[in-house]
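Take a look at the letters that make up each chain.
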Amino acid sequence: MLPTITELAPPAGVRSRSINAENPAGAFGAAAAASSALGPGRKGSAWSSLPAGGTIDLVDIDGPGVIRHIWITVADATDAGPFVLRDLVLRAHWDDEETPSIEVPLGDFFCNGFATRALVTSEPVTVAPTGGMNSYFPMPFRKHARISLSSEHGADLEHVFFQVDLTTGDEIAEDTPYFHAQWRRSNASTALGEDHVILDGVQGSGRYVGTYVALASLSRFWWGEGEVKFFIDGDEDLPSLCSTGLEDYAGGAWAFQDELRSDPEPVPLTFSAPYFGYPFCSSRDTTGAATFLQATAPMHALYRWHLPDPIWFERDLRVTVQQIGTWDHGLFERSDDISTVAYWYQTEPHRPFPDLPAAAGRVPR
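Residues numbered from 1 in each chain as written. Predicted model: local features only at pLDDT ≥ 70, side-chain atom pairs only at ≥ 80, totals over all residues. Heavy atoms only, no water.

So what about the overall build of the protein chain? Which residues, and what values?
Across its full length, the protein chain carries three helices and 27 strands. Rg of the C-alpha trace for the protein chain: 21 Å, near the compact-globule value of 21 Å for 365 residues, within the 12% margin. Seen through its principal axes, the protein chain has C-alpha atoms that stretch 70 × 50 × 40 Å. Buried residues in the protein chain amount to 49% of all 365 residues. Long-range pairs, those at least 24 residues apart, make up 75% of the contacts in the protein chain between residues at least 6 apart in sequence. (Helix = DSSP H or I, 4+ residues; strand = E, 2+ residues; numbered from the N terminus. Rg over C-alpha atoms; globule rule 2.2 N^0.38 Å. Buried < 20%, exposed > 50% of the residue type's maximum accessible area, 1.4 Å probe, protein only. Contact = heavy atoms within 4.5 Å.)

As structure tokens, this is what we get:
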């Protein structure tokens, strides 16, 4: 989005800053100071290392300010296993809060679920070749921002390349909603007829801005008839907002296929657009981590950003998705393996998130 005329000059006291391994404090006049074999200031510290079981800070800075852009890339596999993007966890704490406002496996935050890379071209999240993960969600903070990356992977990661672009000195009002993101999984753990919970327990006012869904289909036939429901400001049995189906929610139609037919087998049509997409579909294991047949449960991933179509709430919010399929004999209940990320803004304080499963509980099928 091009800047408006009023955005061409900075407000008084606002400064642009950039944090990476060469300038971890984002200090002014101190970027590109590290030396390499080419000499001083010649790409001397382009990455940080992340030991197994360790944590590194991507951002640790006083405010007020706004995180404007995050870019990061890591290897997606090591000799210890192929699921690096699920084994690493991105967390953010705003204003010295005790519990994180962001707690999501790294790949899923950037719409790369199943610990598998997929290209994404959308307004707030872009994943470029090969594995360049970008976020443009604005993340304001008043006192302090800490964004960390923790590893539950079995091997050290020598290279974590990252850059965080931000401004400091911004005027952040006391009632400004802060950015949050939360990961949840229903790994065939719901009863038939029970909805997967995308988000629950939100108290405060704010705006829901997006959903990412990574679904491994565990039953035959079509998996995407479930409706996404938004229970807002006291809704109980029935929501205020509801989609007509999961592929409809992601802007698609007719099962994301080239045609509804049984012979020849239809072709899924992945796509990526500014506000919605279906960027990943696969029924093959591509990790090369075992010498067996490569067929897997079919994996599907989709996203929807509520940017031109805001979902506001004033007191509370709950978001769910039904697990419903269909075939030639009608609708039926399902219990699939669903992982989701909810993205939203709300006034602080927020309620603590449910415990994030350990790495073993995040392994994709």
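Following the structure, the description resumes.
For the pattern of salt bridges, give the residues involved together with the corresponding values.
Counting across every chain of the model gives 14 salt bridges. Of the charged contacts, one joins Glu 152 and Arg 362 as a salt bridge, the two residues approaching to 3.4 Å between their closest N and O atoms. Here Glu 152, found in the loop between strand S13 (144-151) and strand S14 (157-168), pairs with Arg 362, found in the segment after strand S27 (337-346); they are 210 residues apart in sequence, far enough to count as distant. Arg 304 serves as the salt-bridge partner of Asp 309, at 2.4 Å between the closest nitrogen and oxygen. Using a relative accessible area of 19% as the deciding quantity, one classes Arg 304 as buried. The network of salt bridges with common partners includes Arg 185, Asp 337 and Arg 365. (Salt bridge = Lys/Arg side-chain N within 4 Å of Asp/Glu carboxyl O.)

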